[in-house]
Amino acid sequence: MTHTAITSPLPGIEGAAGRYRIFDHGANVAAWQPDGESHPVLWLSSSSGYRAGTAIRGGIPICFPWFGPGLTGDKKPAHGFVRAVGWRRTEVTERSGVLRVEYDIGPEITGSQPEFSHDYRARLTAEFAPGHLRVSLHASNTSDEPFTLEEALHTYLVVSDVRAITIEGLDGATYLDKNLPEPAFDQVQEGPLRLTGPTDRVHLHEGAVTVDDPGLGRGLRLSAEGSANVVVWNPWEQAAAGMADMGPGEWTGMVCVEAANVFADAVTLLPGESWTISQRIEVLPR
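Residues numbered from 1 in each chain as written. Predicted model: local features only at pLDDT ≥ 70, side-chain atom pairs only at ≥ 80, totals over all residues. Heavy atoms only, no water.

## Structural notes on the sheet that holds strand β2 (residues 12-15)
One key point about sheets: their strands pair by backbone hydrogen bonds, in either a parallel or an antiparallel sense. Using the following cut-off: Here the rule is simple: two strands pair whenever DSSP picks up at least two bridges between them. Strands here mean DSSP runs of E at least two residues long; helices mean DSSP runs of H or I at least four residues long; both are numbered from the N terminus. Fitting a line to C-alpha atoms yields each axis, with helices limited to the stretch in contact; the angle taken between N-to-C directions then spans 0 to 180 degrees.
Pairing is antiparallel in the open sheet, where four strands are placed in the order β1-β2-β3-β4. One side of each edge strand has no neighbouring strand; the edge strands of this open sheet are β1 (3-6) and β4 (28-32). Averaged over all pairs of adjacent strands, the angle between strand axes in this sheet comes to 20°, irrespective of strand direction.

The following block contains the structure:
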């Protein structure tokens, strides 16, 4: 698996013809297209910004140490501060056709954060293999007091048309619909999930899910470890039109399916404790 260093638009590592790519900025896994697969697996907006202080729209942004506006509902920037800064690349190794890239981040990189004034370390590991992509986030409490964090691997997937796919595996899962006036975990999914409008759901679900895409003739199986939630998101037409970093009409070709620990499932770490959340993606023939 031949790889080279990226010099533009942002530093990172990429493979031949861009079939896999990870940016140092946000430690964002921005591309994966395994051999023999005719379509990319990860979605990347044509209008995404590539500059310091701005998150990349697409790939797998890292939400940490809070999700959305956080547990208090007023934290900024949305989804935390680590996805819009450059991480320290600490390892690039290749063995038996598997490329492993590792990143590290801490307060010495992210600086003073009034909303999260704790000493911490986080490590992002991406494993590009012929048959799977695995991304893991390992967080450690290096301070002398407990802290609570939310986290999500905000995975953008390529689909033929979000209105024609189904998401299998969530049947019976309780979920919170963030688009409702008073969202609460009082909804229950019945059967496969079909997206028919703006979707922003947090499911109580620890198992695998599969995005069934008849238009591309494939399934995308996502399995997770260390997570209690599966987030499903697509802004739909009206909201997407107001996003400067999403190209016209591109919302139809993507869906986010995210491994997460949010709301009541936020993780509390005592001093010296660590937690790892990971997500594995595989392409299944349909």
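## Thoughts on the environment of Thr93
What counts is decided by this rule: We call two residues in contact whenever any of their non-hydrogen atoms come within 4.5 Å of each other. In protein, a polar contact means a hydrogen-donor-capable atom and an acceptor-capable atom, both N or O and within 3.5 Å, with residues adjacent in sequence counting only if both atoms are side-chain atoms; elsewhere, any N or O pair within 3.5 Å suffices.
Summarising the element assignment, Thr93 is placed in strand β6 (residues 88-95). Taking the C-alpha atoms as reference points, Thr93 and Ser38, 55 residues apart in sequence, are found 26 Å from one another. Ignoring sequence-local partners within four residues, the contact set of Thr93 consists of Val98, Leu99 and Arg100. In terms of polar contacts, Thr93 uses its side chain to reach the side chain of Glu91, at 3.1 Å.

## A short note on the nonpolar core
Generally speaking, a soluble globular protein has its nonpolar side chains buried in company with each other. The criterion, for reference: What we call a nonpolar core is a set of buried Ala, Val, Leu, Ile, Met, Phe, Trp, Tyr and Cys residues that are connected through their side-chain atoms within 4.5 Å. Note on classification: 1.4 Å probe, protein chains only; a residue is buried when its accessible area is under 20% of the maximum for its type, exposed when over 50%, partly exposed between these limits.
Ranked by size, the top nonpolar core spans 65 residues in total, and within it Phe128 and Leu157 carry the most contacts. Filtering out sequence-adjacent residues up to four positions away, Leu157 remains in contact with Val41, Leu42, Trp43, Val211, Leu220, Leu222, Gly253, Met254, Val255, Val257 and Ile281. Listed in part, the seven residues of the second largest apolar core include Cys63, Phe67, Val231 and Ala260.

## Thoughts on the side chain of Asp104
Looking at the secondary structure, you find Asp104 in strand β7 (residues 98-105). Take Asp104: its relative accessible area is 15%, and that puts it in the buried class. At 2.6 Å, the side chain of Asp104 and the side chain of Arg88 are in polar contact. In this structure the side chain of Asp104 is engaged in a polar contact, spanning 2.6 Å, whose partner is the side chain of Arg121.

## Some points on the pattern of salt bridges
Where we set the bar: When a carboxyl oxygen of Asp or Glu is within 4 Å of a side-chain nitrogen of Lys or Arg, the pair counts as a salt bridge.
Considering all chains together, one arrives at 16 salt bridges under this definition. Residues Glu102 and Arg123 are paired through a salt bridge, measuring 3.9 Å at the closest nitrogen-oxygen approach. Of this pair, Glu102 sits in strand β7 while Arg123 sits in strand β8 (residues 120-128), placing them 21 residues apart in sequence. Taking the relative accessible area as the measure of exposure, Glu102 reaches 12% and is therefore buried. The class for Arg123 is partly exposed, based on a relative accessible area of 32%.

## Remarks on the pairing of β6
Bridge count between β6 and β7: seven bridges; the pairing is antiparallel. Bridge pairing in β7 places Glu94 opposite Leu99. Hairpin connection from β6 to β7: two residues lie between these consecutive antiparallel strands, with Ser96 at a positive phi of about 55°.

## What about the environment of Pro198?
With respect to the helices, strands and loops of the structure, Pro198 is situated in the loop between β15 (185-188) and β16 (199-204). With 73 residues separating them in the primary sequence, Pro198 and Pro271 have C-alpha atoms 40 Å apart. Contact partners of Pro198, with chain neighbours within four places excluded, come to Asn179, Asn234, Pro235 and Trp236.

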